[in-house]
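These are the residues of each chain, in order.
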Amino acid sequence: MIEDDLRAAFARHEELTPPSGPLRAAIDRAVVRRRRRRLGLRLAGTAMVVVAAALTGFTVAAPQHRESGHTLAEPAASAPAGALNVLLVGLDGNADRQVRFADSILLVHIPADRGRLYLVSLPRYLEVTVPGKGRQPLNAAFSVGAGQPRPDLDRGYRATRDAVADALGVRIDAGGVLTYPAVRELTNLIGGVQVCLPQRVHSAHSDRVFPAGCQQLDGAASVDLLRQRVGLPDGVLDRDRNAERYAAGLLHRLRERDTFTNPLVLNQLLQHLSSGVVADTGGSSLPALGLAAAKAATAEPVGLLPPGTHLEKSGDVRFELDPVLGPGFLDALRTDRLGEWITAHPAQATRLR
């Protein structure tokens, strides 16, 4: 009897129930929007990874960002005006491994006219101020910020960014933490990278020999070269120069494949990279930064090292800026006149080809 009464009550009120079709459609639309936002974040983040890899030969690993989603098909925000400085920190390791120091630190200067990219290798022993530790070599800033035993790559990046901004007197607009391992995959995906060396390099980690001149490198050979410093005339400085040469070759290869201008080619490359990759974009959007970097990358990049020398100081090695050329270099970097400075001091440029 109770069951019959309930059935009758439901039947009397059934006509008051709103139709389910519109509600179901609204739920479906919300699900699609959420999926699109997630996809937009993944593609936008990975697009910055391709730009970062094109600039350095590494792959972004960690720093978090808050960024509204943009798919590659959507119009990107207008490119930021003025010169841009992108800081890329290279690690020979990953987030699951103890990290002592940053291996390579590259400041990518994108001038306001977007004429070309300037790849400024910052010496790992450049003396900087690290909060709580006083004057330290630049590569120690990451270790102090990241902590141990499991490094926080985001904090390590911020500590390095702040140290670079303070030492050079420049604003850092964007950047990321970069690792060596995925360079193998990226290099192999694009069919190798041509690197032009001014001198023979014998690997201290393998039996591989890199002859002087231009040569096509696969992923394993590229990683091997990027790690070399023992036996090179200028040690770590020559390793920094070789990183610039690899970056130039990678940029050239990506332009050959229309990676920046062909959405189909770019999407195919992005599909092979990690969907969890993100980067620090500062106050700009990922698509806008990508457009600015891609425009500047159409010209041959210029690699350079700050003028200076390595000195032993209190038992440790430090890199000190040249007292004559150093101030002019810093002024040119701060005022977006690196092109003029290189023209006046051509010996400071790295021979990339």
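It should be emphasised that the depicted structure is a prediction, and the values quoted were computed from it without experimental measurement.

About the criteria used
- Residues numbered from 1 in each chain as written.
- Predicted model: local features only at pLDDT ≥ 70, side-chain atom pairs only at ≥ 80, totals over all residues.
- Heavy atoms only, no water.
- Helix = DSSP H or I, 4+ residues; strand = E, 2+ residues; numbered from the N terminus.
- Buried < 20%, exposed > 50% of the residue type's maximum accessible area, 1.4 Å probe, protein only.
- Polar contact = N/O pair within 3.5 Å; in protein donor to acceptor, adjacent residues only side chain to side chain.
- Contact = heavy atoms within 4.5 Å.
- Disulfide = S-S within 2.5 Å.
- Pairing = 2+ DSSP bridges.
- Expected span 1.5 Å × (residues − 1).
- Axes fitted to C-alpha atoms, helices over the stretch in contact; angles between N-to-C directions.
- Parallel < 35°, antiparallel > 145°, perpendicular 65-115°, else oblique.
- Left-handed = near helix turned anticlockwise from the far one by under 90°.
- Nonpolar A, V, L, I, M, F, W, Y, C, P; charged D, E, K, R; others polar.
- Core = buried A, V, L, I, M, F, W, Y, C linked by side-chain atoms within 4.5 Å.
- Phe/Tyr/Trp six-rings, centres within 6.5 Å; stacked < 30°, edge-to-face > 60°.

1. A few points about the side chain of His 109
Inference 1: Mapped onto the fold, His 109 is located in strand 3 (residues 104-110).
Inference 2: Look at His 109 and you get buried, because its relative accessible area is 1%.
Inference 3: A polar contact of 2.8 Å, which involves the side chain of His 109, links it to the side chain of Asn 85.
Inference 4: At a separation of 2.8 Å, a polar atom in the side chain of His 109 contacts the side chain of Asp 336.
Inference 5: In this structure, His 109 is in contact with Ala 83, Leu 84, Asn 85, Arg 116, Leu 117, Tyr 118, Leu 333, Asp 336 and Leu 338, ignoring residues within four places of it in sequence.

2. A short note on the state of the cysteines
Inference 1: Under the defined criterion, the tally for this structure stands at 1 disulfide.
Inference 2: Between Cys 196 and Cys 214 runs a disulfide, and the two sulfur atoms are separated by 2.0 Å. Handedness of the Cys 196-Cys 214 disulfide follows from its S-S torsion of about 105 degrees: it is right-handed. In this pair, Cys 196 sits in strand 8 (residues 193-197) while Cys 214 sits in strand 11 (residues 213-217), placing the two residues 18 residues apart along the sequence.

3. Some points on the pairing of strand 14 (residues 316-321)
Inference 1: Of the strand pairs in this sheet, strand 13 (residues 308-313) and strand 14 are connected by 6 bridges, and their pairing is antiparallel. Residue pairing in the sheet places His 310 in a bridge with Phe 319 of strand 14.
Inference 2: Counted between consecutive antiparallel strands, the loop separating strand 13 from strand 14 contains 2 residues, among which Ser 314 sits at a positive phi close to 55 degrees.

4. Remarks on helix 4 (residues 153-168)
Inference 1: Compared with the 22 Å implied by 1.5 Å per residue over 16 residues, the 22 Å span of helix 4 between its first and last C-alpha is a close match.
Inference 2: By the burial criterion, the buried members of helix 4 are Leu 153, Asp 154, Gly 156, Tyr 157, Thr 160, Ala 163, Val 164 and Leu 168.
Inference 3: Just beyond helix 4, the residue with positive phi is Gly 169, at close to 70 degrees.

5. Observations regarding the environment of Gln 216
Inference 1: Locating Gln 216 in the fold gives a position in strand 11.
Inference 2: What makes Gln 216 partly exposed here is its relative accessible area of 49%.
Inference 3: Each C-alpha atom, one on Gln 216 and one on Val 195, is 6.4 Å from the other, the two residues being 21 residues apart in sequence.
Inference 4: A polar atom in the side chain of Gln 216 sits 3.4 Å from the backbone oxygen of Gly 192.

6. As for the packing of helix 3 (residues 138-146) against helix 4
Inference 1: Helix 4 packs onto helix 3 with a crossing angle of 140 degrees between their chain directions and a minimal axis gap of 7 Å. One way to sum up the angle between helix 3 and helix 4 is to call them oblique. The two elements helix 3 and helix 4 meet at a crossing, and its hand is right-handed. In contact with Leu 138, Ala 141, Phe 142, Gly 145 and Ala 146 of helix 3, helix 4 contributes Leu 153, Arg 155, Gly 156, Tyr 157, Ala 159, Thr 160, Ala 163 and Val 164.
Inference 2: For the contact of helix 3 with helix 4, a count of residues per class yields 9 nonpolar, 3 polar and 1 charged.

7. So, the nonpolar core
Inference 1: The biggest cluster of nonpolar side chains holds 34 residues, and the ones touching the most others in it are Leu 87, Leu 107, Leu 122, Leu 138, Phe 142 and Leu 168.
Inference 2: Take this core: its biggest share by element is 5 residues, from helix 4.
Inference 3: Counting 19 residues, the second-largest nonpolar core is a separate cluster that includes Val 183, Val 193, Val 201 and Leu 250.

8. Overview of the side chain of Gln 228
Inference 1: Mapped onto the elements of the fold, Gln 228 is located in the loop between helix 6 (219-226) and helix 7 (236-256).
Inference 2: Take Gln 228: its relative accessible area is 0%, and that puts it in the buried class.
Inference 3: A polar contact of 3.0 Å, which involves the side chain of Gln 228, links it to the side chain of Ser 203.
Inference 4: Separated by 2.7 Å, the side chains of Gln 228 and Asp 224 make a polar contact.

9. Digging into the packing of aromatic side chains
Given two aromatic rings, one states the distance between the centres and the angle between the planes to describe the pair.
Inference 1: Taken as a whole and judged by the stated rule, the model has 1 aromatic pair.
Inference 2: Between Phe 329 and Trp 341, the aromatic rings sit 5.4 Å apart at their centres with planes inclined by 65 degrees, giving edge-to-face as the arrangement. With Phe 329 in helix 10 (residues 326-334) and Trp 341 in helix 11 (residues 338-344), the pair connects residues that are 12 residues apart, well separated along the chain.
Inference 3: Classification of Phe 329 as buried rests on a relative accessible area of 1%.
Inference 4: When its relative accessible area of 7% is taken as the criterion, Trp 341 is described as buried.

10. Examining unusual backbone geometry
Inference 1: Backbone geometry places Arg 114, a non-glycine residue, at a positive phi of 55 degrees.
Inference 2: Turning to its location among the elements, Arg 114 is positioned in the loop between strand 3 and strand 4 (118-121).

11. Regarding the packing of helix 6 against helix 7
Inference 1: Close contact between helix 6 and helix 7 brings their axes to 9 Å; oriented N to C, the two are set at 150 degrees. In this view, helix 6 runs roughly antiparallel relative to helix 7, as classed from their interaxial angle. Residue-level contacts link Ser 222, Leu 225 and Leu 226 of helix 6 to Arg 239, Asn 242, Ala 243 and Tyr 246 of helix 7.
Inference 2: Of the residues that constitute the contact of helix 6 with helix 7, the class distribution is 4 nonpolar, 2 polar and 1 charged.

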